[in-house]
Amino acid sequence: MAANVYASATEDGGGEESGQWANSAAATIDCPDVGSELTDVPEGARGDVDNELAALDGQIAEAYQRLQNSAQAQQQDGGFAENAIMNPLKEKRAATIERIAIAIDRVGDRPEGLDSLASCTLRETGNDNGGDQGGDQDGDGAGQDQGGQQGQDGQQGQQGQGGQQGQQGNGGQAGNGPVAADFADITSVQPGGQGGARGQNASRGSFTTACGVNANGVFNSDNVIVAPGVSNGAHHFHDYVGNQANNAFASDEDLAAAETSCENQDDKSSYFWPVLRVQNGTVEQDANSPGGGIEGNAGEIVTPKQVTMTFVGSPRGEVAEMPRLLRIITGDAKAFVNGPANANASWSCTGFEDRQLKDKYPLCPDGSDVVRTFKFQSCWDGRNIDSANHRTHVAFAAADGSCPGGFKAIPQLVQRIVYDVDAPSLQDGGRTTPLFAVDSFPEQVHKPITDHGDFINVFDEGLMREMVDCINEGRECDAADLGGGQGAGDGGDGGDQGNGGDQGKDQEQPGGDQGDGGDQNQDGGQDQGQDQDQDQDQDQDQGQEQPGDQEGQNQGQDKGQDKGQDKGQGQNQGENGDAGEPTDKADTPKTFASPKATQRERDKDAGQDAGQGGGEDKDDEAADQTPAGNIPSAAGAGQAGSQGAEGSTGSQSAAGDLADTGAEMWPAVLGGVLALCGVVLLRRVRRGAIS
């Protein structure tokens, strides 16, 4: 589906009475994955099809929200969920699927059998039942095994989740997970093998590129790969490192011209993945935003402690260069309902990385950090940089390292993301030490198996050749040592110490990586636009809620980091998804796409901002410097109303608005009135004296 199209079969939802599940607060919505059936969409129809697939995702998210919020009605009427939620959802899906068929039929052959995919079912989440804590423990360390690492239906949780503010027993801060049964002790996992043996002709080298830890705070709930031009196409928030212009409206040209957080400036690739949140009750800036709190993604966003991107070779022979702008998605954001066929989650702990978990979050011993690993597909069809379902143009190598027929080996991207988060206290449902989870589609209830990563290759072709040479010649290379200019950095992970290279790009996130939980010293750019930018007159209309900076939560994050960091914050606001450019692009989305911040109701926002005095106005002004590419995408203009309460989310229009003009003119007007009154009074006094 276009808000995350992953080609995999959809499991049958089971035959239990829907009212029973809903009443037990253990239900989610299972819909067939229409996108997976569309493996061959004509180029001329892809734009319309992507928009309609995104609409299907929006319909599911809306229906799931209704399911969560109607517990009392479901208890009073056993048929409520079916009649008021599931049947209307089926009708909406049928109409949308028909539009997909019509769009394809205009330029190609009409697909058959799509109408059978309209019906959805309620299925059990397991979050309400106690049970198995063991998880599917795959200790092979491979992370790319596509086999059945599931057992989601058996991932039962502990009711209520204690102090996690769960609404219906589903656990988690937003009431839709995680639960205690989503975790497993890493020390109980059996170590796995070291993978297959390398052949004599294996390409044994490696190439590492360092792009920081997203200390700049580049977040959004878009996905330009699967839902281009659709705001909130992912329905969950992503961390971005590397390319700083990635949002729903970024064109290939935008990506190529963007700034990068990578040490080597010739690596403008985009690396992104769902944010990790600690369910500690924190109300993030995106609490009232689509993709954030209103879609069940709540809690404190955690900044990674370390992120490494390593490209490795093939066990069978040499690798070929990746084509520029190649898109790869690994894992399945909908694996909980789709099944494990395309799941590629891999969770572990430092010191225990020979043990991997696929459908559980790890409980790490004291002194050990949580590790997420993504091993991307390493075979390419030699022709396409993307495919209709965003999968079939790339593939995983077989167990012996060989690629499928017609495919060629390319460097395999291995992402390793480390977090300093404590093992949650499962015995009290996270009251003492909170649970953590990745952002997810609402109906995926934050299951760890839904973890996934995205990559767009925007390497300079010369640097890509150097990468391939390093790997094929058996050398270990670091991109930072290979020209391309140094010093971008985003303020985290060793060499990327926030030297300002990215600080003025498209990441003026107020508070940026607020949820970094312990990595605050890394975030050289965290409070970009909070303090130092208060005296800069940049009133961009970019006021959609940003994760990680709700009023006053900056405390402890600022720590003087704004000094020098923010000086560049507004300088590049005309670049890549800033206040000026997205306005035209934001007019184009057809489905679930509201205007970006640059197009919000300027008069309303200007009046709102004008009414805020003193320091609040300064904070708002700083927030408005956030480029459209970094802000939570809204599902409708009505969401703007929630922004005023966030302190730094008011969408303030550019200098010259009526509110600004009035604020500047009223002292002069008042002075003129007082002067006129003085003249009248003086004349009256003089007349009295004469008479």
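Residues numbered from 1 in each chain as written. Predicted model: local features only at pLDDT ≥ 70, side-chain atom pairs only at ≥ 80, totals over all residues. Heavy atoms only, no water.

Looking at this structure, how should I read the state of the cysteines?
In a disulfide, the sulfur atoms of two cysteines are held together by a covalent bond. Inspection of every chain in the model, using the stated rule, returns 5 disulfides. In the protein chain, numbering the disulfide-bonded cysteines from first to last in sequence yields the connectivity 1-2, 3-4, 5-6, 7-8, 9-10. (Disulfide = S-S within 2.5 Å.)

Please clarify how the sheet that holds strand 10 (residues 306-312) should be interpreted in this entry.
As a general point, the strands of a sheet are linked pairwise by backbone hydrogen bonds and lie either parallel or antiparallel. Taken together, the 6 strands give an open sheet; going across it, the order is 12-14-18-10-4-21, and neighbouring strands pair in mixed fashion. Each edge of the open sheet is held by one strand with a lone partner, namely strand 12 (347-349) and strand 21 (476-478). When strand polarity is set aside, the average angle formed by the axes of neighbouring strands in this sheet is 25 degrees. Along the sheet, helix 8 (residues 461-472) makes contact with strand 4 (206-209), strand 10 and strand 21, crossing strand 4 at roughly 140 degrees. (Pairing = 2+ DSSP bridges. Helix = DSSP H or I, 4+ residues; strand = E, 2+ residues; numbered from the N terminus. Axes fitted to C-alpha atoms, helices over the stretch in contact; angles between N-to-C directions. Contact = heavy atoms within 4.5 Å.)

Would you mind showing me how to read the pairing of strand 4 here?
In the case of a regular strand, side chains alternate between the two sheet surfaces. Two strands pair when backbone bridges link them, and strand 4 and strand 10 are joined in this way by 4 bridges, in the antiparallel orientation. Directly across from Thr-209, in strand 10, lies its bridge partner Met-309. Alignment of strand 4 against strand 21, held across 3 bridges, turns out to be parallel. When the sheet's bridge partners are listed, Ser-206 is paired in strand 21 with Glu-476.

Looking at this model, I keep getting lost on the confidence of the model for the protein chain. Mind explaining?
Predicted coordinates in areas of low pLDDT are best not read in detail. Taken as a whole, the protein chain shows an average pLDDT of 73; of its residues, 60% reach a score of 70 or greater. Note that residues 1-25 has pLDDT below 50 and, in this model, 108 contacts with residues that lie over four places away or in other chains. Segment residues 494-665 is flagged for pLDDT under 50; beyond a separation of four residues in sequence, or across chains, it makes 465 contacts in the model. (pLDDT = per-residue confidence, 0-100.)

Sorry, what's going on with the nonpolar core here?
What tends to happen in soluble globular proteins is that the nonpolar side chains get buried as a cluster. Residues Phe-207, Tyr-271 and Phe-311 are the most contacted members of the largest nonpolar core, which totals 57 residues. For this core, the leading source of residues is helix 8, giving 6 residues. When neighbours within four sequence positions are excluded, Phe-207 is seen to be in contact with Met-309, Thr-310, Phe-311, Phe-459, Leu-463, Met-467, Ile-471, Cys-477, Ala-479 and Leu-482. Residues Ile-29, Tyr-64, Ala-84 and Ile-85 belong to the second largest nonpolar core, which totals 17 residues. (Core = buried A, V, L, I, M, F, W, Y, C linked by side-chain atoms within 4.5 Å. Buried < 20%, exposed > 50% of the residue type's maximum accessible area, 1.4 Å probe, protein only.)

Even after reading the chapter, I still don't get the environment of Asn-457, so can you show me in this structure?
Positionally, Asn-457 belongs in the loop between strand 20 (452-456) and helix 8. Considered as a pair, Asn-457 and Ile-385 are 72 residues apart in the sequence and their alpha carbons are 9.4 Å apart. Excluding residues that lie within four positions of it along the chain, Asn-457 makes contacts with Ser-269, Met-322, Pro-323, Arg-324, Leu-325, Leu-326 and Met-464. Within the structure, the side chain of Asn-457 is placed 3.0 Å from the backbone nitrogen of Phe-459, a separation counted as a polar contact. (Polar contact = N/O pair within 3.5 Å; in protein donor to acceptor, adjacent residues only side chain to side chain.)

Where do I start with the side chain of Thr-209 in this structure?
Along the polypeptide, Thr-209 turns up in strand 4. Sequence-distant contacts of Thr-209, defined by excluding residues within four places in its chain, comprise Cys-262, Asp-267, Tyr-271, Met-309, Phe-311, Phe-459 and Ala-479.

I would appreciate a short explanation of the sheet that holds strand 8 (residues 276-278) in the present structure.
Taken together, 3 strands build an open sheet; the order of strands is 9-8-19 and the sheet is antiparallel. Two strands close off the open sheet at either side, each with one partner strand: strand 9 (300-302) and strand 19 (436-438). For this sheet the average axis-to-axis angle between neighbouring strands, irrespective of direction, equals 35 degrees.

What should I look at first to understand the packing of helix 3 (residues 46-69) against helix 5 (residues 80-107) in this one?
The description of two helices packed together rests on the angle between their axes and the distance between the axes. Put simply, helix 3 and helix 5 touch, their axes get as near as 9 Å, and they point 175 degrees apart. Classified by the angle between their axes, helix 3 and helix 5 sit roughly antiparallel to one another. (Parallel < 35°, antiparallel > 145°, perpendicular 65-115°, else oblique.)

I tried to follow helix 5 on my own but got confused; where do I start?
The α-helix winds at 3.6 residues per turn, so residues separated by three or four positions along the chain end up facing the same way. The first and last C-alpha atoms of helix 5 sit 41 Å apart over 28 residues, in line with the 40 Å expected at 1.5 Å per residue. The largest bend in helix 5 comes to about 30 degrees, at Met-86, with the proline Pro-88 one to four residues further on. Taken together, the buried positions of helix 5 are Ala-81, Ala-84, Ile-85, Met-86, Leu-89, Arg-93, Thr-96, Ile-97, Ile-100, Ala-101, Ala-103 and Ile-104. (Expected span 1.5 Å × (residues − 1). Bend = angle between axes of the 7 residues up to and from the residue.)

Help me understand unusual backbone geometry in this model?
When glycine is set aside, most residues are seen to have a negative phi, and most peptide bonds are trans. Residue Pro-178 follows Gly-177 across a cis peptide bond; omega there is 5 degrees. As for its placement among the helices and strands, Pro-178 is situated in the loop between strand 2 (121-124) and strand 3 (183-185). A positive phi is found at His-235, a non-glycine position, where the angle reads about 60 degrees. Mapped onto the elements of the fold, His-235 is located in the loop between strand 5 (219-220) and strand 6 (238-242). Even without a glycine there, the phi angle at Leu-325 is positive, about 75 degrees. Using a relative accessible area of 14% as the deciding quantity, one classes Leu-325 as buried.

Explanation requested: the packing of aromatic side chains in the structure shown.
One pair of aromatic rings is described through two measures. These are the centre distance and the angle between the planes. Considering all chains together, one arrives at 10 aromatic pairs under this definition. Look at Tyr-240 and Phe-272: their rings are 4.9 Å apart centre to centre, the planes differ by 20 degrees, and that puts the pair in the stacked class. Of this pair, Tyr-240 sits in strand 6 while Phe-272 sits in strand 7 (residues 270-274), and the two are 32 residues apart along the sequence. By relative accessible area, Phe-272 is classed as buried at 0%. Taken together through their ring pairs, the aromatic side chains of Phe-207, Tyr-271, Phe-311, Phe-376, Phe-455 and Phe-459 make up a single cluster. The ring of Phe-336 is capped by Arg-123, whose NZ or CZ atom sits 4.8 Å from the centre of that ring. Note that Lys-447 overlies the ring of Phe-336, its terminal NZ or CZ placed 5.6 Å from the centroid. (Phe/Tyr/Trp six-rings, centres within 6.5 Å; stacked < 30°, edge-to-face > 60°. Lys NZ or Arg CZ within 6 Å of the ring centre and 35° of its normal.)

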